[in-house]
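Tertiary structure, described
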Amino acid sequence: MSALLRASCVLLLGLLWSSSSSSCRDRVRVRIPPHDQVARVARFVAHQVDWASMATVSTHEPVVGRPFSNVFSVSDGPVEPSGTGLLESSGTGVPYMYLTRMEISVQDLQVNPEASLSMSLAQTDFCRLQGFDPQSPLCAHIILTGSVLEVKGLEAEFAKKSLFSRHPEMMEWPSDHNWFFCKFNITQVWVLDYFGGVKTVSPEDYFLASLHRKHH
Ligand SMILES: *[C@@H]1O[C@H](CO)[C@@H](O)[C@H](O)[C@H]1NC(C)=O
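The notes below deal with the structure included here. (Residues numbered from 1 in each chain as written. Predicted model: local features only at pLDDT ≥ 70, side-chain atom pairs only at ≥ 80, totals over all residues. Heavy atoms only, no water.)

Observations regarding the site of the ligand
Taken together, Ser147, Leu149, Asn185, Ile186, Thr187 and Pro203 make up the full set of residues adjacent to the ligand. Separating an oxygen atom of the ligand from a side-chain N or O atom of Asn185 is a distance of 2.4 Å. Ile186 places a main-chain nitrogen or oxygen 2.8 Å from an oxygen atom of the ligand. Taking 360 Å² as the accessible area of the ligand by itself, protein coverage stands at 43%. Where the shell around the ligand is concerned, the elements lending two or more residues are β5 (141-150) and β6 (180-192). No other element matches the three residues that β6 contributes to the shell around the ligand. Split by residue class, the shell around the ligand holds three nonpolar, three polar and no charged. (Near = heavy atom within 4 Å. Polar contact = N/O pair within 3.5 Å; in protein donor to acceptor, adjacent residues only side chain to side chain. Areas by Shrake-Rupley, 256 points an atom, 1.4 Å probe, with all protein chains shown as cover. Helix = DSSP H or I, 4+ residues; strand = E, 2+ residues; numbered from the N terminus. Nonpolar A, V, L, I, M, F, W, Y, C, P; charged D, E, K, R; others polar.)

As structure tokens, then:
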């Protein structure tokens, strides 16, 4: 590598570093809702994360009938392309997924669509910056229970916009895998955001919660 090229690489890295660290500083102003506003905390976590662990009841030997947890990209609404840190936008609260029947967990869902999704602020910079261990309830995390349903028409269009804006690579996924759009149909929300044990939120309260404090 020539000295000139090396120098310009160092300069470029320096610029990238300073632009990403200033966007981090800006994003710290995005605050998690107060821990007693449990439905808002749940909506906040569900919007901030780009992926979730989904547990299904396995249909595969040698763990037929046993819990099986796997990683899926999710999105509950479109986002503006942004740097690292917490998002300022709000979502719908409905986790959308892009799935193929070739996938091991999706094969479980075809037999039994019931599943649970775990999402944690440990998946953002939040817990590390605050010094919260992922298992600490202060590192807010939620478990959604319900089932996975295919969506069509306008809702599939919305799912596509939500997912592809966060996961642009999806546009390139092989078309012969017959991808389709799904939503996670929530029947109960379980929230760990403070000491004292898990709290539950009904889907009604979860969807009514507004993500951001009203501006005065
Ligand atoms: C979807 O979730 C709602 C609760 O939010 C529940 O009443 C309904 O039965 C679920 N639908 C399916 C098909 O699981």
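A closer look at the packing of aromatic side chains
Under the criterion given, the structure shown has 10 aromatic pairs. A centroid spacing of 5.8 Å and a plane angle of 70° characterise the contact between Tyr96 and Phe158, whose relative ring orientation is edge-to-face. Taken as a pair, Tyr96 in strand β3 (residues 96-99) and Phe158 in helix α5 (residues 153-166) lie far apart in primary sequence, 62 residues in all. By relative accessible area, Tyr96 is classed as buried at 4%. Residue class for Phe158 comes out partly exposed when judged on its relative accessible area of 26%. With a centroid separation of 4.9 Å and an interplanar angle of 75°, the aromatic rings of Tyr206 and Phe207 are classed as edge-to-face. Grouping aromatic residues by their ring pairs yields a cluster made of Tyr98, Phe164, Trp173, Trp179 and Phe181. Positioned above the aromatic ring of Tyr206 is the side chain of Arg43, whose terminal nitrogen or guanidinium carbon lies 5.6 Å from the ring centre. (Phe/Tyr/Trp six-rings, centres within 6.5 Å; stacked < 30°, edge-to-face > 60°. Buried < 20%, exposed > 50% of the residue type's maximum accessible area, 1.4 Å probe, protein only. Lys NZ or Arg CZ within 6 Å of the ring centre and 35° of its normal.)

Here's the deal with unusual backbone geometry
Leaving glycine out, the prevailing phi sign among residues is negative, and the prevailing peptide bond configuration is trans. The omega torsion across Glu61 and Pro62 is 0°, close enough to zero to call that bond cis. Following the sequence through the fold, Pro62 ends up in the loop between β1 (51-57) and β2 (67-73). The backbone phi angle of Asn178 is positive, close to 50°, even though this residue is not glycine. Here Asn178 lies in the loop between α5 and β6. Overall, the relative accessible area of 57% leaves Asn178 in the exposed class.

Observations regarding α5
Between its first and last C-alpha atoms α5 spans 20 Å; for 14 residues at 1.5 Å apiece the expected length is 20 Å, and the two agree. On the buried face of α5, the contacting elements are α2 (38-48), β2, β3 and β6. (Expected span 1.5 Å × (residues − 1). Contact = heavy atoms within 4.5 Å.)

Here's the deal with helix α3 (residues 104-111)
Within α3, burial applies to Ser105, Val106, Asp108 and Leu109. End-on view of α3: buried residues confined to an arc of 150°, all on one side of the axis. Buried residues in α3 make contact with β1, β2, β3, β4 (114-120), β5 and β6. N-capping of α3 is provided by Glu103, with a side-chain oxygen placed 2.7 Å from the backbone N of Ser105. (Arc of directions from axis to C-beta.)

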